[in-house]
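# Understanding the architecture of this molecule
Chain residues, written in single-letter form:
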Amino acid sequence: MSNSTPDVIDIKKIMGMLPHRYPFLLVDRVEEIKPGESIRAYKNVTMNEPFFQGHFPGLPVMPGVLIVEALAQAGGIIVLSTDEVDTEDKVFLFTGINKVKFRRPVVPGDKLVLEISDVKRKMHIWKMKCVATVDGEVAAQGEVSAAIVDKESM
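Residues numbered from 1 in each chain as written. Predicted model: local features only at pLDDT ≥ 70, side-chain atom pairs only at ≥ 80, totals over all residues. Heavy atoms only, no water.

## Quick look at the packing of aromatic side chains
- Going through the model one piece at a time under the given rule, you end up with 2 aromatic pairs.
- Measuring from ring centre to ring centre gives 4.6 Å for Phe-51 and Phe-52, while their planes differ by 65°; the resulting arrangement is edge-to-face. Taken as a pair, Phe-51 and Phe-52 share a single burial class, namely buried.
- Positioned above the aromatic ring of Tyr-42 is the side chain of Lys-111, whose terminal nitrogen or guanidinium carbon lies 4.2 Å from the ring centre. (Phe/Tyr/Trp six-rings, centres within 6.5 Å; stacked < 30°, edge-to-face > 60°. Buried < 20%, exposed > 50% of the residue type's maximum accessible area, 1.4 Å probe, protein only. Lys NZ or Arg CZ within 6 Å of the ring centre and 35° of its normal.)

## Overview of the side chain of Thr-133
- Counting through the fold element by element, Thr-133 comes out in strand E5 (residues 125-134).
- When its relative accessible area of 11% is taken as the criterion, Thr-133 is described as buried.
- Setting aside anything within four residues of it in sequence, one finds Thr-133 in contact with Lys-111, Leu-112, Val-113, Glu-115, Val-138 and Ala-139. (Helix = DSSP H or I, 4+ residues; strand = E, 2+ residues; numbered from the N terminus. Contact = heavy atoms within 4.5 Å.)

## Thoughts on the nonpolar core
- The biggest cluster of nonpolar side chains holds 41 residues, and the ones touching the most others in it are Met-62, Ile-77, Leu-112, Ile-116 and Met-128.
- Listing elements by their share of this core, those giving two or more residues are strand E1 (29-34), strand E2 (38-44), helix H2 (64-80), strand E4 (111-122), E5 and strand E6 (137-150).
- Of the residues forming this core, the biggest block, 10 residues, is contributed by H2.
- In this structure Ile-116 touches Glu-37, Ser-38, Ile-39, Leu-71, Ala-74, Gly-75, Ile-78, Met-128, Lys-129 and Cys-130, once residues within four positions along its chain are discounted. (Core = buried A, V, L, I, M, F, W, Y, C linked by side-chain atoms within 4.5 Å.)

## Concerning the sheet that holds E4
- With respect to topology, 6 strands assemble into an open sheet ordered E1-E2-E4-E5-E6-E3, the strand pairing being antiparallel. The sheet is open, and its two borders are formed by E1 and strand E3 (90-102), each paired with just one other strand. Looking at each pair of strands side by side, their axes are set apart by 20° on average, direction ignored.
- Sheet topology places E5 next to E6; 10 bridges connect them, and they run antiparallel. Bridge pairing in E6 links Ala-132 to Ala-140.
- Along the sheet face, H2 touches E1, E2, E3, E4, E5 and E6 and points at about 130° away from the line of E3. (Pairing = 2+ DSSP bridges. Axes fitted to C-alpha atoms, helices over the stretch in contact; angles between N-to-C directions.)

## Focus: the pairing of E2
- Two elements, E1 and E2, share 5 bridges in a ladder whose sense is antiparallel. In the strand pairing of E2, Lys-34 is matched with Ser-38.
- The hairpin formed by E1 and E2 contains 3 residues between the paired strands, and Gly-36 there has a positive phi angle of roughly 80°.

## What about the pattern of salt bridges?
- Using the criterion set out here, one finds 9 salt bridges in the structure.
- Ionic pairing is found between Lys-99 and Glu-143, a salt bridge with its closest N-O pair at 4.0 Å. Taken together, the residues span a long stretch of sequence, with Lys-99 in strand E3 and Glu-143 in strand E6 at a distance of 44 residues.
- One salt bridge connects Lys-120 with Asp-118, and the closest N-O pair in it is separated by 2.5 Å.
- Relative accessible area serves as the criterion here: at 48%, Lys-120 is assigned to the partly exposed category.
- Residue Asp-118 is classed as partly exposed on the basis of its relative accessible area of 35%.
- One network of salt bridges, in which partners are shared, links Glu-31, Arg-40, Lys-111 and Glu-115. (Salt bridge = Lys/Arg side-chain N within 4 Å of Asp/Glu carboxyl O.)

What follows is the structure in structure tokens.
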């Protein structure tokens, strides 16, 4: 009997969807997904993260930009999970970060829950609302936008 549900996406499948790799792959698992609509994923934050060596010595805090990046990667999984998107020779890139607020630090031992909702598409641009929480407390929230572009155009 399998312990997985149809909505769960494990790390192997995530690596098949996103081009990111260690140390920059920041989504460990997807718990729930409604392709093109919403996602609930997480990142287990451990003391082994390379950024803790310098951010900050003796007071490890996950950089806010990496929390936003984790949210964007979860958003990329939503977009890339839809059947309407051709991803052959394409890459999903940030186009904007808006109204981002950081509410609490994220530290080793935290399970950073990544929730994306209110996904809207206009031509090749996606906009989405993002919330990252730890133990039910908001760590960061805001909006991100991204586009799928040809790899050759970069």
